[in-house]
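# Summary of the model geometry
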Amino acid sequence: MTEIRKVGVVGAGLMGSGIAQVSAAAGYDTIVREVEQGLLDRGMAGIRKTLDRAVQKEKLGAADRDSTMARLHPTLELADLVECDLVIEAITENLGAKHALFGELGGLCAAETIFASNTSSLSITELAAETDRPERFVGLHFFSPVPVMPLVEVVRCGQTADDTFEAAFAFAGSLGKSPIACGDNTGFVVNRLLVPYMLDAIRAYESGVASIPDIDKGLRLGCGYPMGPFTLGDFVGLDTLYHITGIMYDEYKEARFASPPLLRRMYLAGYHGRKTGKGFYDYSGDEPVVSSFVL
Ligand code: 3HC
């Protein structure tokens, strides 16, 4: 089986920085690439903050934090990924941008390098087909917040070679995660079930079933979910959720995957959840309050 020693992560946003953190924490030399210095700095600062918090809570030693940080190599140059055995893409959920990235990577990396995508909804088959190595391509779908959530969906498509899948599955396990094997069905396992649930919560609110905090409270206290569907939507990002609905609806043509009008309007207005300070809730005060957009 292919041995993974050096890992590349492309994209240092919410998902990419989390993936880079767990990769470095597991002992891999990890190159983190972003397109802009500001985004790179923000991603690295986020990792540092999470590790510092773990040290303060005495869940991590200061020496382990420092060695994890030392294994992280931030860069703006794609060429710095040339020696990686595995490159994980965690950029924006846009097919054209991902095709362009993997095209460039194909010209840089060795033929044996495994390419993986953290896409939550695009087709792994379609991404792999455009690369120079469809048999060395796999989906590695992490969950937010990456350092906390134990699941990784490892997605194989018709072109994926056994060795590629096994190496990616073993890699996810070596991060301390619990991988599951998924076929290349849009939304894989989790988003196929989770996305209609979040959209149904928005539809329930649109139909006047209950207030946003009460729907959240219902699911938290009635089902033991750690957060209700609106809090979760704000946490995942309403832009991300909106993009996923478009891709899932295109694939399945089922109304349950279509964006409710409210989600589309919030997306268009820039109410993207925690990342923009406002979504279903407004996060500008000490405690979140229902956002003026949905009052
Ligand atoms: N980064 C790193 N660590 C974090 C974190 C973050 N962003 N947020 C919380 N944590 C850690 C805390 O430090 C704490 O660690 P400790 O137990 O070692 O002290 C632990 O998580 C619990 O945190 P808190 O006590 O502050 O708060 P909660 O008990 O509310 O837990 C939560 C926070 C883990 C985010 C929990 O609310 C939860 O499980 N929420 C649901 C998350 C979820 O469903 N994620 C999946 C989203 S879907 C997805 O990602 C797919 C995509 O394709 C859309």
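Attention in this report is confined to the structure presented alongside it. (Residues numbered from 1 in each chain as written. Predicted model: local features only at pLDDT ≥ 70, side-chain atom pairs only at ≥ 80, totals over all residues. Heavy atoms only, no water.)

## Topic: a nonpolar patch on the surface
For clarity, the cut-off: Residues qualify for a patch when their relative accessible area is over 30% and they have no salt bridge, like charges being joined within 9 Å and the nonpolar side chains of Val, Leu, Ile, Met, Phe, Trp and Tyr within 5 Å. For the area figures, the Shrake-Rupley method with a 1.4 Å probe applies, and any residue is considered shielded solely by the protein chains shown. Any Lys or Arg side-chain nitrogen located within 4 Å of an Asp or Glu carboxyl oxygen qualifies as a salt bridge. In this text, helices come from DSSP runs of H or I with a minimum length of four residues, and strands from runs of E with a minimum of two, each type numbered from the N-terminal end.
On the surface, I180, V189 and L193 cluster together to form a nonpolar patch covering roughly 250 Å² of accessible area. Tracing the backbone shows I180 in strand 8 (residues 178-183).

## Some points on the side chain of S23
Convention followed: Contacts described as polar in this section are N or O atom pairs within 3.5 Å, which, within protein, must combine one atom able to donate a hydrogen with one able to accept it, while residues neighboring in sequence count only if both atoms come from side chains. Residue contacts are counted whenever heavy atoms from the two residues lie within 4.5 Å of one another.
With respect to the helices and strands, S23 occurs in helix 1 (residues 14-25). Side-chain polar atoms of S23 contact the side chain of T30, separated by 2.8 Å. Excluding residues within four positions of it along the chain, S23 makes contact with V7, Y28, T30, F171 and L175.

## A word on the site of the ligand
How we decide: In these notes, residues near a molecule or strand are those with any non-hydrogen atom within 4 Å of it. The residue classification treats Ala, Val, Leu, Ile, Met, Phe, Trp, Tyr, Cys and Pro as nonpolar and Asp, Glu, Lys and Arg as charged. All others, Gly included, are polar. Domain borders in the structure are assigned automatically or taken from a domain database.
Among the 18 residues in the neighbourhood of the ligand, the closest are listed as K57, S120, H141, S144 and N191. The contact in question runs from an oxygen atom of the ligand to an N or O atom on the side chain of K57, over 2.8 Å. A distance of 2.7 Å is found between a nitrogen atom of the ligand and a backbone nitrogen or oxygen belonging to S144. Of all elements in the fold, only helix 7 (190-206) and helix 9 (229-236) reach the threshold of two or more residues within the shell around the ligand. With three residues, helix 9 is the single largest residue contributor to the shell around the ligand. Its residues assigned to classes, the shell around the ligand comprises eleven nonpolar, five polar and two charged. Structurally, the shell around the ligand is a two-domain feature, drawing no fewer than three residues from each of domain 1 (6-183) and domain 2 (191-281).

## Notes on the environment of P288
Operational definition: The buried label applies to any residue whose accessible area, calculated with a 1.4 Å probe on protein chains only, is under 20% of its type's maximum; exposed applies above 50%, and partly exposed to all values in between.
Tracing the backbone through its elements, the reader meets P288 in the loop between strand 9 (281-282) and strand 10 (289-290). Note on P288: relative accessible area 37%, which makes it partly exposed. The sequence separation of P288 and T231 amounts to 57 residues, and the corresponding C-alpha distance is 9.6 Å.

## Thoughts on a positive patch on the surface
To keep things clear, this is the line we draw: Only four residue types enter the charge count, namely Lys and Arg as positive and Asp and Glu as negative; His and the chain termini do not. Charge positions are represented by NZ for Lys, CZ for Arg, CG for Asp and CD for Glu.
Taken together, the side chains of K49, R53, K57 and K59 make up a positively charged region of the molecular surface. Mapped onto the fold, K59 is located in the loop between helix 2 (37-56) and helix 3 (62-70). With relative accessibility at 69%, the residue K59 sits in the exposed group.

## A few points about helix 11 (residues 261-269)
In plain terms, the rule: The directions considered for the arc run from the helix axis to the C-beta atoms.
Listing the buried residues of helix 11 in full gives L262, L263 and M266. One side of helix 11 holds all its buried residues, which, seen down the axis, span an arc of 100°. On its buried face, helix 11 is in contact with helix 7 and helix 10 (238-252). The first or second residue beyond helix 11 is G270, which carries a positive phi of 85°.

## A few points about the packing of aromatic side chains
In plain terms, the rule: Each aromatic pair joins two rings of Phe, Tyr and Trp (for Trp, the six-membered one) with centres within 6.5 Å, and gets the label stacked for planes under 30 degrees apart, edge-to-face for over 60, and tilted for any other angle. For a Lys NZ or an Arg CZ to count as sitting over a ring, it must be within 6 Å of the ring centre and within 35 degrees of the ring normal.
All told, the structure shown has ten aromatic pairs when counted by the stated rule. Where Y205 meets F230, the ring centres are 6.3 Å apart and the plane angle is 80°; that geometry is what we call edge-to-face. Of this pair, Y205 sits in helix 7 while F230 sits in helix 9; the two residues are 25 residues apart in sequence, bridging distant segments of the chain. Ring pairs connect the aromatic residues F102, F115 and F137, which therefore count as one cluster. For the cation-ring pair, R133 lies above F115, with the distance from its terminal atom to the ring centre recorded as 4.1 Å. It is R156 that lies over the ring of F165; its NZ or CZ is 4.7 Å from the centre.

## Here we look at the pairing of strand 2 (residues 29-33)
Rules: Here the rule is simple: two strands pair whenever DSSP picks up at least two bridges between them. Note on handedness: a clockwise path from strand one over the helix to strand two, with the strands aimed away from the viewer, defines a right-handed crossover.
Along strand 2, four of the five residues are buried, which leaves the element largely enclosed by surrounding structure. Bridge analysis of strand 1 (residues 6-10) against strand 2 gives five bridges, and the strand direction is parallel. In the sheet register, V7 faces strand 2, and the bridge partner there is T30. For the crossover from strand 1 across helix 1 to strand 2, the handedness is right-handed. Across four bridges, the pairing between strand 2 and strand 3 (residues 72-75) is parallel.

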